[in-house]
Amino acid sequence: MRIAVVSDVHSNLVALDAVLAHAGPVDAVWHLGDIVGYGPDPDGVVARLAQVGAVGVRGNHDAAAIGGDEIEQFNPEARAAMDWTRAAISEPTRAWLAALPERRAEAGADVTLVHGSPRDPTWEYLTSPGAARASFGYLETTHGLNGHTHIPLAFVLRDERIEAIRPAPGDTLDLAGLRAIANPGSVGQPRDGDPRSSYLILDPDAGTVTWHRVAYPIEAVQDAMAARGLPPRLAARLAHGV
Ligand code: ZN
């Protein structure tokens, strides 16, 4: 069984389509929130995820897009993009985002999906072993999947010890005998210095997680952002993966 896990698509349909094409035939698509915000195609991304039957959770940008006061914590450029997103999205897109839960347990795979962290699904950036240790206590499943940082990463709990793993493209984590919280990185706006889209494949039967990177035509997205009047710095950063 292969499950494509995507996060932080951020209205980047070109990148999402590149990832789905790279993943090939999969049994499911799971998303970890921040479907919208920053990018030029919020309706297109939601329509594609609905088309492939994706299930997942709500991120802070998704909450802001449907009117949440999360927008008050955005920096000026994120806020400008969110003001545009709020005005641009269709009613079906708004309803689809509003139906997303904060966390979603997938009992069959023994995995819980969140955007930020198991402890604080909307806002916490899970970047330290200490925060990861606390978050394992909030998981009712063995494993977790999270996004929000836009950086591929995993925290592993084995024999009471926490280990942080920075996966290279193609790396596989064997889940046997440990607990893990794994972050696929970002499809639509990577921030680890590599502009290629990042995602992972979970195989619950094999008990493995494998990270992947996919190049996509960034200029096409930058052009679409310029045409919609989105902040130039948000377009420029796509080329640098920051
Ligand atoms: Zn995000």
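Before any of the text, the structure's been laid out above.
Residues numbered from 1 in each chain as written. Predicted model: local features only at pLDDT ≥ 70, side-chain atom pairs only at ≥ 80, totals over all residues. Heavy atoms only, no water.

1. Focus on the coordination of the zinc ion
No. 1: Listed as protein donors to the zinc ion are Asp-8 (OD), His-10 (NE2), Asp-34 (OD) and His-150 (NE2); their distances from the metal cover 2.1 to 2.4 Å.
No. 2: Taken together, the 4 donor atoms surrounding the zinc ion define angles of 87 to 173° at the centre, an arrangement classified as irregular.
No. 3: In terms of primary sequence, the donors binding the zinc ion are separated according to D-x1-H-x23-D-x115-H. Of this pair, Asp-34 sits in the loop between strand 2 (28-31) and helix 2 (42-51) while His-150 sits in the loop between strand 6 (143-145) and strand 7 (153-158); the two residues are 116 residues apart in sequence, bridging distant segments of the chain. (Donors = N, O, S within 2.8 Å, 3.2 Å for Na, K, Ca; no water. Tetrahedral: all angles 85-135°; square planar, octahedral: opposite > 155°, others 65-115°. Helix = DSSP H or I, 4+ residues; strand = E, 2+ residues; numbered from the N terminus.)

2. Description of the pattern of salt bridges
No. 1: With the rule as written, the count across this model stands at 11 salt bridges.
No. 2: Among the ionic pairs, Arg-104 bridges to Glu-106, the shortest N-O distance being 2.7 Å.
No. 3: According to the relative accessible area criterion, Arg-104 is partly exposed, its value standing at 29%.
No. 4: In this structure Glu-106 comes out as buried when scored by relative accessible area, which is 16%.
No. 5: Note that Glu-124 is salt-bridged to Arg-119, the shortest N-O span being 2.6 Å.
No. 6: Three or more residues joined by partner-sharing salt bridges are found here, namely Asp-192, Asp-194, Arg-196 and Arg-213. (Salt bridge = Lys/Arg side-chain N within 4 Å of Asp/Glu carboxyl O. Buried < 20%, exposed > 50% of the residue type's maximum accessible area, 1.4 Å probe, protein only.)

3. Digging into the pairing of strand 5 (residues 111-114)
No. 1: In strand 5, alternate side chains face the same way, and those of Val-111 and Leu-113 on one face and Thr-112 and Val-114 on the other are all buried.
No. 2: Sheet topology note: the strand 4 (residues 103-106)/strand 5 ladder contains 4 bridges and is antiparallel. The residue bridging Arg-103 from the neighbouring strand is Val-114, located in strand 5.
No. 3: Taking the residues between adjacent antiparallel strands as the criterion, strand 4 and strand 5 are bridged by 4 residues, where Asp-110 takes a positive phi near 60°.
No. 4: Two elements, strand 5 and strand 6, share 3 bridges in a ladder whose sense is parallel. Counted as the bridge partner of Leu-113 is Leu-145 from strand 6.
No. 5: With helix 6 (residues 129-136) bridging strand 5 and the parallel strand 6, this β-α-β connection has right-handed handedness. (Pairing = 2+ DSSP bridges. Right-handed = clockwise from strand over helix to strand, strands pointing away.)

4. Here's the deal with unusual backbone geometry
No. 1: Positive phi outside glycine occurs at Asp-34, with the angle close to 55°.
No. 2: For Asp-34, a relative accessible area of 2% gives the class buried.

5. Comments concerning the sheet that holds strand 4
The strands making up a sheet are joined through hydrogen bonds of the backbone, oriented either antiparallel or parallel.
No. 1: With mixed pairing, the 6 strands of this open sheet are ordered in space as 4-5-6-10-7-8. Whereas interior strands pair on both sides, the edge strands pair on one side only; in this sheet they are strand 4 and strand 8 (161-165). Direction aside, the axes of adjacent strands within the sheet are offset by 15° on average.
No. 2: Taken together, the 5 bridges between strand 7 and strand 10 (residues 179-183) define a ladder with antiparallel strand orientation. Looking across to strand 10, one finds that Phe-155 is bridged to Ile-181. (Axes fitted to C-alpha atoms, helices over the stretch in contact; angles between N-to-C directions.)

6. Considerations on helix 6
Because each turn of an α-helix spans 3.6 residues, side chains separated by three or four positions end up pointing in the same direction.
No. 1: Looking at helix 6, one finds that the buried residues are Ala-131, Ala-132, Ser-135 and Phe-136. Projected down its long axis, helix 6 shows its buried positions confined to an angular sector of 140°, all on one face.
No. 2: Where helix 6 is buried, its residues touch strand 7, strand 8 and strand 10. (Arc of directions from axis to C-beta. Contact = heavy atoms within 4.5 Å.)

7. Description of the nonpolar core
Soluble globular proteins tend to bury their nonpolar side chains together.
No. 1: Formed by 41 residues in total, the largest nonpolar core has its most connected members in Leu-16, Ile-35 and Leu-97.
No. 2: Top element by residues in this core is helix 1 (residues 13-23). It accounts for 7 residues.
No. 3: What Ile-35 contacts, discounting residues up to four positions off in sequence, is Val-9, His-10, Ser-11, Val-45, Val-46, Leu-49, Asp-62, Trp-96 and Leu-97. (Core = buried A, V, L, I, M, F, W, Y, C linked by side-chain atoms within 4.5 Å.)

Functional significance is not addressed by these values, which are geometric in nature.
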